[in-house]
Structure formats: C-alpha cells, structure tokens
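# Structural features, examined
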Amino acid sequence: MKRTLVSVLTYNRFQLLNRCIDKIIDQTYSINELLIINNGSTDNTESLLKSRNINYINLPKGGSAQGWNAAIEYAVNNNFDYIWLMDDDGYPHKNALKEIIEKFDDHTI
C-alpha cells in the first residue's frame, strides 16, 4: 500500500476544520497521516488540534501557497507516495480518497 498524507490548510475556521477532520478520519481508504497546516490562526484551532492529537505545523499568517509548500515539503521529506491537499471547509465523501487512489497507476506521476 502506498503511503498517503492528507494535509489541510486552515485559518481561523476551527469549526469547519473540525468537520473536515471528521470526514477525513471517516474515509474508507486508510491514510498514513493527517497533517494540518495552521496558517496563522488566532482562534481555537491549535487547542482543537492538541485535543484531537493531530499533527500540525504552525506558520505565520501568509497566503495559501505558503501552506501548500509546507505540506508538500513535509510529504517529500517524509517519503509519502501521495498527498491529498484540501482547505478546511472541505467535507469529502467517505469514498473520495479511495476513488482518487484507484485512478492512479504505475505510470501516473
């Protein structure tokens, strides 16, 4: 099985993030790690992540490109085969990751 990282970029939307995390955990295709990129949130985001024991990176407030870059760098440095990037307001169907992964083959880059 390929190593899969799911990374979510968030900024001051801990309630939406909490829902997004629930949907990720509920996926039918198991992930290896969930990483939250906290893009300078000043709300209860960090407390939420600590209480749910979820790995995260705190960044100073910046644009989304900064967050995506941090997530991709983390994936590369930790030898993940796949990375699924999303925003905190996403709520993917429980089979979403399975359907995405099934579309890849040995020739997919």
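Above this text you will find the structure in question.
A few points on the structure.

The next subject is the sheet that holds strand E3 (residues 55–59). Here 4 strands make up an open sheet; going across it, the order is E3-E2-E1-E4 and the pairing parallel. Taken across any chain shown, the strands that pair with only one partner, and hence form the sheet edges, are E3 and strand E4 (82–87). Taking the axes of each pair of neighbouring strands and ignoring which way they run, one obtains an average angle of 20° across the sheet. Here strand E1 (residues 4–10) runs beside E4; their pairing, made up of 6 bridges, is parallel.

Let us now look at the packing of aromatic side chains. Summed over the entire model, instances satisfying the criterion amount to 2 aromatic pairs. Ring centres of Tyr-74 and Phe-80 lie 6.4 Å apart, and the angle between their planes is 25°; on these two criteria the pair is classed as stacked. The exposure class assigned to Phe-80 is buried, which follows from its relative accessible area of 11%. Between Tyr-82 and Phe-104, the aromatic rings sit 4.9 Å apart at their centres with planes inclined by 40°, giving tilted as the arrangement. With a gap of 22 residues between them, Tyr-82 in strand E4 and Phe-104 in the segment after helix H4 (96–102) connect regions that are remote in the sequence. By relative accessible area, which is 17% here, Tyr-82 ends up buried. Sitting over the face of the ring of Phe-80, Arg-3 holds its NZ or CZ atom 4.1 Å from the ring centroid. Seen from the ring of Tyr-11, Lys-61 lies directly overhead, with NZ or CZ sitting 4.7 Å from the centre.

Another point: helix H1 (residues 14–25). Across its 12 residues, H1 extends 16 Å between first and last C-alpha, which sits within 8% of the 16 Å expected from 1.5 Å per residue. Every buried residue of H1 is listed here: Leu-17, Cys-20, Ile-21 and Ile-24. Mapping the buried residues of H1 onto a view down its axis gives an arc of 105°, with all of them on the same face. Among the structural elements, E1, strand E2 (33–39), helix H2 (45–51) and E4 are those in contact with the buried residues of H1.

With that out of the way, let us pick up the side chain of Gln-27. By secondary structure assignment, the location of Gln-27 is in the loop between H1 and E2. By relative accessible area, Gln-27 is classed as buried at 8%. There is a polar contact of 2.9 Å between the side chain of Gln-27 and the backbone oxygen of His-93. Other than its neighbours up to four places away in sequence, Gln-27 contacts Trp-84, Pro-92, His-93, Lys-94, Asn-95, Ala-96 and Leu-97.

How each quantity is defined
- Think of each chain on its own: its residues are numbered from 1, step by step along the sequence as written.
- Note on the predicted model: pLDDT of at least 70 is required for a residue's local features to be given, and 80 or more for side-chain atom pairs to be given and counted; whole-chain, interface and lining totals, by contrast, use all residues.
- To get the side-chain values, all heavy atoms of the structure are used, and hydrogens and water are removed first.
- Between any two strands, pairing holds if DSSP finds at least two bridges.
- Starting at the N terminus, helices and strands are each numbered in turn, a helix being any DSSP run of H or I of at least four residues and a strand any DSSP run of E of at least two.
- Interaxial angle, 0 to 180 degrees, is taken between N-to-C directions of lines fitted to C-alpha atoms, where a helix line uses only the stretch in contact.
- Stacked, tilted and edge-to-face pairs are distinguished by plane angle, under 30 degrees for stacked and over 60 for edge-to-face with tilted covering the rest, among Phe, Tyr and Trp rings (Trp via its six-membered ring) whose centres lie within 6.5 Å.
- Each residue gets one of three labels from its accessible area relative to the maximum for its type: buried under 20%, exposed over 50%, partly exposed in between, using a 1.4 Å probe on protein chains only.
- The rule for a charge over a ring is simple: NZ of Lys or CZ of Arg within 6 Å of the ring centre, and within 35 degrees of the ring normal.
- Any helix carries an expected span of 1.5 Å times its number of residues minus one.
- In this description, the arc belongs to the directions extending from the helix axis to the C-beta atoms.
- Two residues form a contact once any of their heavy atoms are found within 4.5 Å.
- The definition of a polar contact used here is a pair of N or O atoms within 3.5 Å, where within protein one atom must be able to donate a hydrogen and the other to accept one, and adjacent residues in sequence count solely through side-chain atom pairs.

Without other data, these values stay purely geometric and don't point to any function.
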